[in-house]
Amino acid sequence: MDLKFFIGLSFVLLITCVSAAEEPCLYERCSCQMYNMMLSIYCTDTSSPILQRNMSYKFDGVIESFTIANRDLQNITEGAFAGLSIRRIEFARIRSLEFYSTIFNGIKSIEQMVVVEAININLDSRAFDPIRELIGEFSIVNILNGAEKLLNEANTFTNLASLTLRDVNIGKLDENFSKNSTKLVKLDISYCKFTGIPK
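Procedures and definitions
- Residues numbered from 1 in each chain as written.
- Predicted model: local features only at pLDDT ≥ 70, side-chain atom pairs only at ≥ 80, totals over all residues.
- Heavy atoms only, no water.
- Helix = DSSP H or I, 4+ residues; strand = E, 2+ residues; numbered from the N terminus.
- Buried < 20%, exposed > 50% of the residue type's maximum accessible area, 1.4 Å probe, protein only.
- Contact = heavy atoms within 4.5 Å.
- Areas by Shrake-Rupley, 256 points an atom, 1.4 Å probe, with all protein chains shown as cover.
- Pairing = 2+ DSSP bridges.
- Axes fitted to C-alpha atoms, helices over the stretch in contact; angles between N-to-C directions.
- Arc of directions from axis to C-beta.
- Disulfide = S-S within 2.5 Å.
- Salt bridge = Lys/Arg side-chain N within 4 Å of Asp/Glu carboxyl O.

Draft legend 1. Spotlight on the overall build of the protein chain. Each helix and strand counted, the protein chain has three helices and 10 strands in total. Along the chain direction, N to C, the helices and strands of the protein chain fall in the order α-β-β-β-β-β-β-β-β-α-β-α-β. Looking at the 199 residues of the protein chain, the share that counts as buried comes to 41%. Long-range pairs, those at least 24 residues apart, make up 58% of the contacts in the protein chain between residues at least 6 apart in sequence. For the protein chain, the computed accessible surface area is about 11,000 Å², with 52% contributed by carbon and sulfur atoms.

Draft legend 2. Spatial organisation of the sheet that holds strand 4 (residues 62-68). Read from one edge to the other, the open sheet built from eight strands follows the order 1-2-4-6-7-8-9-10, with strand pairing classed as mixed. Every interior strand has two partners, whereas the edge strands, strand 1 (31-35) and strand 10 (186-188), have only one. Averaged over all pairs of adjacent strands, the angle between their axes in this sheet comes to 10°, without regard to strand direction. Pairing of strand 8 (residues 137-145) with strand 9 (residues 162-166) involves five bridges; the strand directions are parallel.

Draft legend 3. Highlighting the pairing of strand 7 (residues 109-123). Pairing between strand 6 (residues 85-99) and strand 7: 12 bridges, direction parallel. By the bridge assignment for strand 7, serine 85 is matched with serine 109. The pairing of strand 7 with strand 8 spans seven bridges and is parallel. Paired with valine 114 across the strands is serine 139, a residue of strand 8.

Draft legend 4. A look at the side chain of asparagine 155. Positionally, asparagine 155 belongs in the loop between helix 2 (147-154) and strand 9. In this structure, asparagine 155 is in contact with Asp174, Asn176, Phe177, Asn180 and Ser181, ignoring residues within four places of it in sequence.

Draft legend 5. A look at helix 2. Among all positions in helix 2, only Ala147, Leu150, Leu151, Glu153 and Ala154 are buried. Down the axis of helix 2, the smallest arc covering the buried residues is 160°, so these residues share one side.

Draft legend 6. Spatial organisation of unusual backbone geometry. For asparagine 142, which is not glycine, the phi torsion reads 55° and is therefore positive. Tracing the sequence through the fold places asparagine 142 in strand 8. In this structure asparagine 142 comes out as partly exposed when scored by relative accessible area, which is 34%. Of note in the backbone geometry, aspartate 167 takes a positive phi value of approximately 55° without being a glycine.

Draft legend 7. Here's a closer look at the state of the cysteines. Applying the stated rule across the entire model yields one disulfide. Between cysteine 30 and cysteine 43 runs a disulfide, and the two sulfur atoms are separated by 2.1 Å. Between cysteine 30 and cysteine 43, the S-S torsion sits near 110°, and that sign places the bridge as right-handed. With cysteine 30 in the loop between helix 1 (3-19) and strand 1 and cysteine 43 in strand 2 (residues 38-43), this residue pair connects regions lying 13 residues apart in the sequence. Given a relative accessible area of 16%, cysteine 30 falls into the buried group. You can call cysteine 43 buried: its relative accessible area is 4%.

Draft legend 8. How the structure looks around the pattern of salt bridges. For the structure on display, the rule yields seven salt bridges. A salt bridge links arginine 87 to glutamate 64, with the shortest nitrogen-to-oxygen separation between them at 2.7 Å. One end of the pair, arginine 87, is in strand 6; the other, glutamate 64, is in strand 4, with 23 residues separating them in the sequence. On the basis of relative accessibility, which here comes to 25%, the residue glutamate 64 falls in the partly exposed class. Taking the shortest distance from any N to any O, the salt bridge between glutamate 111 and arginine 87 comes out at 3.3 Å.

All we've got here are geometric facts, nothing functional implied.
As structure tokens, then:
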């Protein structure tokens, strides 16, 4: 085997391994992985009912994906997302999810939010104040109680271009929905029993 080829192949393999390496995580009991300079965070540890930011670790880039899939999560501390730029955040398989008024305080940017497979959603309407102009895509999927509260908030997102309402207990859209959602270009209402959609 040619020595230059062998050295080059070894270098490529090394770069690939490093780019997918485990990163020190921003959050306790969560896993963080960096791949091609994109950070992904995944939190599933049900022994930690509170999502606590590890303030000793600083990340200045854009977090590509942030998934919180902890069925016993009770609270997310104030400032947990402060100073972060997040492309996509997903709250999944959480029995009772509470959006407190300070949950998104200090966040730099966020493009897409997904809330999927939750039994109860409770929220303070002030929770979304810092991100009303930031969210471009919002998905509400398989929510037993509280989907309508989330939809009411989505109706105030000024730059919302894509909305997914899938398998949720909502019978109709608010009459002002189409008036408020002037930038909406995609609406997915799969597996919903709507009685009508406003023009």
